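# Geometric and topological summary
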Amino acid sequence: MTNQELNDLLARFEGSSLSKLKLSTQEFTIEMERAVSAPAAPVIPAAAAAPAAPAAAEPEGNAITAPMVGTFYAASAPEQPPFVKVGDRVRKGQPVCLLEAMKMMSEIPAPCDCEITAVLKENGALVSFGEPLFRYQPC
């Protein structure tokens, strides 16, 4: 790696939102890390604090949850029908959706023979680990 390439890499790292970078080749390894400071929490005077809103009620029933962070896809391609709709009966292991994480698509299987009672996510929505995707009733 030339000095110019190294300087370009450093400049790109500094201009990015990354907090850590590791580059390995057969000849060398470079690791860069910057301190990440947490944003300061806003100070709200106790007298001005708004009362807490009641938590939104979760729909009843069992849930198929996201096993990872990723993007929810209801179908295998934009022009294809969704894997499942409300009212569909599915078999254990049958794919109900796809989650994309780091350009890898993972099929999410039904946990048991069941009927889908609710689809909780919109196509293309970002989901977190453990977030409910579907509600179902076992058959």
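Here is a short report on the structure shown in this document. (Residues numbered from 1 in each chain as written. Predicted model: local features only at pLDDT ≥ 70, side-chain atom pairs only at ≥ 80, totals over all residues. Heavy atoms only, no water.)

Defined simply, a disulfide is a covalent bond joining two cysteines at their sulfur atoms. Counted by the stated rule, this structure contains zero disulfides. Cysteine Cys114 remains unbridged, with the sulfur of Cys112 as its closest cysteine sulfur at 4.5 Å. (Disulfide = S-S within 2.5 Å.)

Two numbers describe a pair of aromatic rings. These are the distance of the centres and the angle of the planes. Inspection of every chain in the model, using the stated rule, returns one aromatic pair. Ring centres of Phe72 and Phe134 lie 5.8 Å apart, and the angle between their planes is 55°; on these two criteria the pair is classed as tilted. With Phe72 in strand β4 (residues 70-73) and Phe134 in strand β10 (residues 132-138), this pair connects stretches of sequence that are 62 residues apart. Take Phe72 and Phe134: they sit in the same class, and that class is buried. (Phe/Tyr/Trp six-rings, centres within 6.5 Å; stacked < 30°, edge-to-face > 60°. Helix = DSSP H or I, 4+ residues; strand = E, 2+ residues; numbered from the N terminus. Buried < 20%, exposed > 50% of the residue type's maximum accessible area, 1.4 Å probe, protein only.)

Remember that the coordinates give geometry; whether it matters functionally is a separate question.
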